[in-house]
Amino acid sequence: MALLADQPTLIDLGRLQEGGSLVIGRVGDIVIDEPYVSRSHCRLTRKDGEILIDDLDSLNGTYIDGKRIQGPTHLRSGSGLTIGLMRCIRLGDRLEYAQAGRVTLEARLLRKDIGPRFSQRIRALTRWKALEFLPLLHDVDLSIPPNQLVAIVGGSGAGKSTLMKALTGFQPATSGRVLLNGVDFYEHLPRLRPAIGYVPQDDIVHEQLTVWQVLWYASLLRLPPDTDDAERRRRVTEVIGELRLDHRIDARVQTLSGGERKRVSVGVEMINRPAILFLDEPTSGLDPGFEREFVESLRSLASNGRIVVMVTHSPQATIECDLVLFLAKGGYLVYEGTPKSALAHFGVESIAEAYSIVQGNPKAWGNKRPLAAASQSFEQGVEQVASSLGAPLKRPAAHWQYAALLRRNWTLAINNPLTFLVQAVFLPCAIGWTLGKNFGFDGLSNPFQAAKGTALLFFTLIFVTLIGVFSASKEIVKEWPIVRRERTINLRLGPYLLAKLTLLLGTSGLQCLLLLLYLSAFVPLPNGVSFGAFWLTLMLCSSAGVVLGLIASALARDVDQAPLWAIGLMIPNLLLCGLVAGLPSSPLVPTWWGLAGLGNLLGQNDKLFASEYVQPEIIMQLTNSNFAIPVEACWAHLVALMVLLFTILYCSCLLRELKQE
């Protein structure tokens, strides 16, 4: 980040003796307590009167004037040094640097247009006036210094949320620039996005977890992998203290009040120390007492160099802020200044009265507003600052994220034991008992016994596949807002899906084991049939159903729509498995291969053809000849089908992301 001239931190290189060294990192001689800095990040050494710097295998590297160093490199006077999100400058025997939290935020001529997605050529050919683009933001200029609690206010349709999304980079403006300490935010988005924290209007936390668990798992995902448990605990404790949640540390989120829940959402963003924190209508639904307490906690967060920006409709919250940005219909910024000065500017006695005044002629009020003063960082020029930023920050390794997400999924499951027991234990036992009481595997004493055994295989496979589909059908859609936010920070999609799949497959294996134990208690397996092979076939078929359920969850618009997608994906497994008279079969559905494997394992072809009472054409209709396929080949095809379905799942999640951008 660019150097802030108002409060530099000085590091005296004069104390570095010839042959001596200083380690810079989160732990070392020079401490930079910032999450994108490694514990031991780099080393300064004086050799022959020169200052050399060497990277210590840090995660995000060390950069001099924008170039990553490889081995000991001279740090000359005037050179820019970038460590994580920290930019330092050597001035003689001083190394001056600015903490990433101390930034200024500026917007220059921000404009956001909305209109139909037609090319200019098509619009010119049609000449339809209806295709004109509608401005949501109109040339917004603003400048926010550090240590500010800022309120974005205005009537409905004024563009408050649009401005916030433009400033955060989630939905960039059509034209204009956003500057962080003079650096173009859009141009260097991958590098600077970790400096931004965003709390949407809806809570983005798992309600089944406790306050400590929410923040602990956030620290696992957001802090560097070289952070030890003691350091994580210290950071989580600091955040809990900052947000005044010490007395609710072991309470589940679902038991918290509205204000406390919102503070937990803020805490998730505070784990990695963002420079700027954005909140979308955080005071909505809070009573005046909780609202005041919440705003006070935001003010304390802004007191150490951060900028805290919130969209609000509350006059009380607006008055308590340091700076007010007032938007009018059409996206005009009609006022930027203190709340007290706003009353004089609009000639009113309360902020609420200003809403009706500016709606009459927003453009005129926009022309009257005081112009934002450009910060020193902007006047110094953007190019010099941006040239030393370095490459985008690296994300933690995939296996690290997978392990953290798997632990979080397990905690979510055991925090809701009743649902887990019903789904993983009671349901398969009940199905196994029901099937065992009404069907049998063996025996040809009557003309229907062999066909009855085939029907048992059919119902067993359908049930295990159905359980797999529906147990996973809400897993992604119910926490997608959380996933989206984590994706913007550093979350990889592959580890997230694999962690979700691992726990579901483990549950699926337990379900199939209990179902088969109950089933075999009533109907013993025929001699020579392996219990393990039978279980593996059921488990693979159920696992394919789990992936189908996750696909349904990824395609569903909301939680209520997920069961409909699950039913739609389950129907082909029912109709095309090969045992529905009058319908064709298809090896593209998991139940076809599951039925083929179990039929081969039990020798159903031999049993059916051995019956003198069952006609061959009926046998062919029942089996479609797939009982002749070796069970090992069926396992291989089920695994291949799962890989194909997982690829479809991955693409479905990417498509969901693109549609919501």
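Residues numbered from 1 in each chain as written. Predicted model: local features only at pLDDT ≥ 70, side-chain atom pairs only at ≥ 80, totals over all residues. Heavy atoms only, no water.

## Describing the nonpolar core
- If you look at the biggest cluster of nonpolar residues, it comprises 122 residues, and the most contacted ones within it are Val266, Leu279, Phe326, Phe346, Ile476, Phe534 and Leu649.
- Broken down by element, the residue count for this core peaks at 14 residues, all from helix α19 (residues 531–555). (Core = buried A, V, L, I, M, F, W, Y, C linked by side-chain atoms within 4.5 Å. Buried < 20%, exposed > 50% of the residue type's maximum accessible area, 1.4 Å probe, protein only. Helix = DSSP H or I, 4+ residues; strand = E, 2+ residues; numbered from the N terminus.)

## Some remarks on the sheet that holds strand β14 (residues 148–154)
- Reading across the sheet, the 6 strands line up as β17-β18-β19-β14-β20-β21 and stay open at both edges, with mixed pairing between neighbours. The open sheet has two free edges, formed respectively by β17 (196–199) and β21 (332–337), since each of these has just one partner strand. Each strand of the sheet is rotated relative to its neighbour by a mean of 15 degrees, with strand direction disregarded.
- Sheet analysis places strand β18 (residues 276–280) next to strand β19 (residues 307–311), joined by 5 bridges and oriented parallel. Bridged to Leu277 within β19 is Val308.
- Each of β14, β17, β18, β19 and β20 (323–328) touches helix α2 (residues 160–168); the most contacted strand, β18, lies at about 150 degrees to it. (Pairing = 2+ DSSP bridges. Axes fitted to C-alpha atoms, helices over the stretch in contact; angles between N-to-C directions. Contact = heavy atoms within 4.5 Å.)

## Points about helix α14 (residues 398–414)
- Relative to the 24 Å expected for 17 residues at 1.5 Å per residue, α14 spans 25 Å between its end C-alpha atoms, a close match to the ideal helical length.
- Summarising the contacts, the buried residues of α14 are in contact with α4 (211–222), α15 (417–438), α17 (480–489) and α18 (493–522). (Expected span 1.5 Å × (residues − 1).)

## A word on the packing of aromatic side chains
- Tallying each qualifying case throughout the model produces 9 aromatic pairs.
- Centroid distance Trp410 to Phe420: 6.3 Å. Interplanar angle 90 degrees. Geometry classified as edge-to-face. Within this pair, whereas Trp410 is found in helix α14, its partner Phe420 is found in helix α15, the two being separated by 10 residues in sequence.
- Every member of this aromatic cluster is reached through a ring pair, and the members are Phe326, Tyr335, Phe346 and Tyr355. (Phe/Tyr/Trp six-rings, centres within 6.5 Å; stacked < 30°, edge-to-face > 60°.)

## A closer look at the pattern of salt bridges
- For the structure shown, the criterion picks out 23 salt bridges.
- Of the charged contacts, one joins Glu269 and Arg485 as a salt bridge, the two residues approaching to 2.9 Å between their closest N and O atoms. Here the residue Glu269 occupies a position in helix α6 (residues 258–270), and Arg485 occupies one in helix α17, the gap between them amounting to 216 residues. Summarising the burial analysis for this pair, Glu269 and Arg485 share the class buried.
- Through salt bridges with shared partners, a single ionic network connects Arg26, Arg39, Asp226, Asp228 and Glu231. (Salt bridge = Lys/Arg side-chain N within 4 Å of Asp/Glu carboxyl O.)

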